[in-house]
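Coordinate analysis (summary)
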Amino acid sequence: MDLPRIGVTLQHFGRYAGPEGIATLAVAAERLGFHSLSVSERLLIPVGPHWTNDAGLPEDPCWDSLEVLTWAAAHTRRIRLCTGILNTIFQPPVVLARKLATLDRLSHGRLDVGIGQGGGTRLPPYYIPEEFTAAGVPVARRGAGFAEHVAAMRACWAPDPVEFHGEHYTIPASKVGPKPHGRIPLLFGAITRPTIERAARIGDGFVLVAVDWDAARRQIRWYREAGGTGTVMLSAFPAPPGTDPADADFTDAVLADLDRAADAGADEMHVVTTLLDVSPERQVELLEALAARIGL
């Protein structure tokens, strides 16, 4: 059984977030032979008694995903750069398309983009209403509006003149650039079966988080049954948040998760170290132990 490719998360929130830490992890991950670097996105974290945080999100604000990946790109040459995920409908498609194409050109075509339509909770309604309010985007833009946003971005990456007319977005006949280095893969984040089936229809892959491995296997099966043939990228947690695991324990946990990911049908697994609350230097030590164990 072939094991999935292994990605590494970058520290873009919490007390260890910063330019030195991001560069340290990016350079080390490339040196050690890992496949990719990834960051997630969170526009804001609500406060108040109504906020339950059922998904266990970090309570610290996140640095901007694309700015962090641009900084990482400037310090590396080979390793791929992933958003996992970027909530695209919070930005106009022409604006975001230009940002993504710019990063893809700056990194010489190393960008993979996991995208979503809000998210932030594991239970209905599967999104954080405050983020839509702050972004000035109606919640009703989810669903068909998200699919139209994807189509509008892809139109921007096609040859000029670009022109797009939809129910929610209009791009007058224009020259829009830069164009990507190549084709930017768009992997859809999804939880429910209808959204996973949409990922199979119009996405280039599927992004999920392995909070529950039985659920992850079921979701990947839904994606493949719906005709999805793209990359399945999965994030896994090798140790509880706020802990500092021993090197051997960390490595054992990652290897066990790799076996589970392979059995579930994932193509790529990102090892989430950012929730451990240990320094970037300590994260590098853990990754060094892992790389030595698996022979990267």
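Scroll up a little and you will see the structure.
This structure is a prediction, so every number in the text was calculated from the model and none was measured. (Residues numbered from 1 in each chain as written. Predicted model: local features only at pLDDT ≥ 70, side-chain atom pairs only at ≥ 80, totals over all residues. Heavy atoms only, no water.)

1. Some thoughts on the packing of helix H3 (residues 93–106) against helix H5 (residues 144–157)
Relative to each other, H3 and H5 sit at 55 degrees, their axes nearing to 9 Å. By the criterion of interaxial angle, the relationship of H3 to H5 is oblique. The handedness of the crossing between H3 and H5 is right-handed. Contacts between H3 and H5 involve Pro93, Val94, Leu96, Ala97, Leu100 and Ala101 from the first element and His149, Ala152, Met153, Cys156 and Trp157 from the second. Its residues assigned to classes, the contact of H3 with H5 shows ten nonpolar, one polar and no charged. (Axes fitted to C-alpha atoms, helices over the stretch in contact; angles between N-to-C directions. Helix = DSSP H or I, 4+ residues; strand = E, 2+ residues; numbered from the N terminus. Parallel < 35°, antiparallel > 145°, perpendicular 65-115°, else oblique. Left-handed = near helix turned anticlockwise from the far one by under 90°. Contact = heavy atoms within 4.5 Å. Nonpolar A, V, L, I, M, F, W, Y, C, P; charged D, E, K, R; others polar.)

2. Section: helix H1 (residues 19–32)
Over its 14 residues, H1 runs 20 Å from end to end, which matches the ideal 20 Å to within 8%, given 1.5 Å per residue. Of all the residues in H1, the buried ones are Gly21, Ile22, Ala23, Leu25, Ala26, Ala28, Ala29, Glu30 and Leu32. Where the residues of H1 are buried, they touch strand S1 (5–9), strand S2 (36–39), helix H2 (65–74) and helix H9 (280–294). (Expected span 1.5 Å × (residues − 1). Buried < 20%, exposed > 50% of the residue type's maximum accessible area, 1.4 Å probe, protein only.)

3. What about the environment of Ala155?
Relative to the helices and strands, Ala155 is located in helix H5. For the pair Ala155 and Ser279, spaced 124 residues apart in sequence, the C-alpha separation works out to 42 Å. Not counting residues within four places of it along the chain, the set of residues in contact with Ala155 comprises Val162 and Phe164.

4. Quick word on the sheet that holds strand S4 (residues 111–116)
A barrel is described by the order of its strands in space; here eight strands give the closed sequence S1-S2-S3-S4-S7-S8-S9-S10, paired in parallel fashion. In this sheet, neighbouring strand axes are inclined to one another by 25 degrees on average, regardless of whether the strands run parallel or antiparallel. In terms of strand pairing, strand S3 (residues 80–87) meets S4 through five bridges, oriented parallel. Note that in S4 the partner of Leu86 across the bridge is Ile115. The sheet strands contacting H2 are S2, S3 and S4, and the helix crosses S3 at an angle near 175 degrees. Lying on the sheet, helix H8 (residues 247–264) is in contact with S1, strand S9 (231–236) and strand S10 (268–271); it crosses S10 at an angle near 155 degrees. (Pairing = 2+ DSSP bridges.)

5. Quick notes on the layout of surface pockets
Roughly 1,100 Å³ of internal volume is contained in the largest pocket. Leu57, Gly84, Gly120, Arg122 and Val209 are the residues nearest the centre of the largest pocket, which is lined by 47 residues in total. Of all elements in the fold, only S2, S3, strand S7 (186–189), helix H6 (193–202), strand S8 (205–209) and S9 reach the threshold of two or more residues within the lining of the largest pocket. The class makeup of the residues in the lining of the largest pocket is 23 nonpolar, 19 polar and five charged. Of the voids in this model, the second largest pocket is the one considered here, and its volume is about 340 Å³. Taken together, 19 residues line the second largest pocket, and the ones lying closest to its centre are Asp64, Leu66, Glu67, Gln91 and Lys99. Every element with two or more residues in the lining of the second largest pocket is listed here: H2, S3 and H3. Looking at side-chain class alone, the lining of the second largest pocket contains nine nonpolar, five polar and five charged residues. (1 Å grid on protein atoms, 1.4 Å probe; cavity = no way out; pocket = protein on both sides within 12 Å on 5 of 7 lines; lining within 4 Å. Points joined across faces, edges and corners; volume = space filled by probe spheres on them.)

6. Considering the state of the cysteines
In this structure the tally under the stated criterion is zero disulfides. As a non-bridged cysteine, Cys62 has Cys82 as the owner of its nearest cysteine sulfur, 16 Å distant. With relative accessibility at 19%, the residue Cys62 sits in the buried group. (Disulfide = S-S within 2.5 Å.)

7. With respect to the pattern of salt bridges
Applying the stated criterion across every chain, the model contains 18 salt bridges. Among the salt bridges present, the one from Asp277 reaches Arg15, with a minimum N-O distance of 3.1 Å. Note that Asp277 is positioned in the loop between S10 and H9 and Arg15 in the loop between S1 and H1, a separation of 262 residues in sequence. The salt bridge involving Asp112 is made with Arg80; its shortest N-O contact spans 2.8 Å. Here Asp112, found in strand S4, pairs with Arg80, found in strand S3; they are 32 residues apart in sequence, far enough to count as distant. On the basis of relative accessibility, which here comes to 13%, the residue Asp112 falls in the buried class. Taking relative accessible area as the criterion, Arg80 reaches 22% and is therefore assigned partly exposed. It is possible to trace a salt-bridge network through shared partners that takes in Arg193, Glu197, Arg221 and Glu225. (Salt bridge = Lys/Arg side-chain N within 4 Å of Asp/Glu carboxyl O.)

8. Focus on H3
An ideal rise of 1.5 Å per residue puts 20 Å on 14 residues; H3 measures up with 20 Å between its terminal C-alpha atoms. Regarding H3, the residues found buried are Pro93, Leu96, Ala97, Leu100, Ala101, Leu103 and Asp104. The arc that holds the buried residues of H3, viewed along the axis, is 160 degrees, so those residues lie on one side. Among the structural elements, H2, S3, S4 and H5 are those in contact with the buried residues of H3. Immediately beyond the C-terminal end of H3, within one or two residues, lies His108, with a positive phi of roughly 60 degrees. (Arc of directions from axis to C-beta.)

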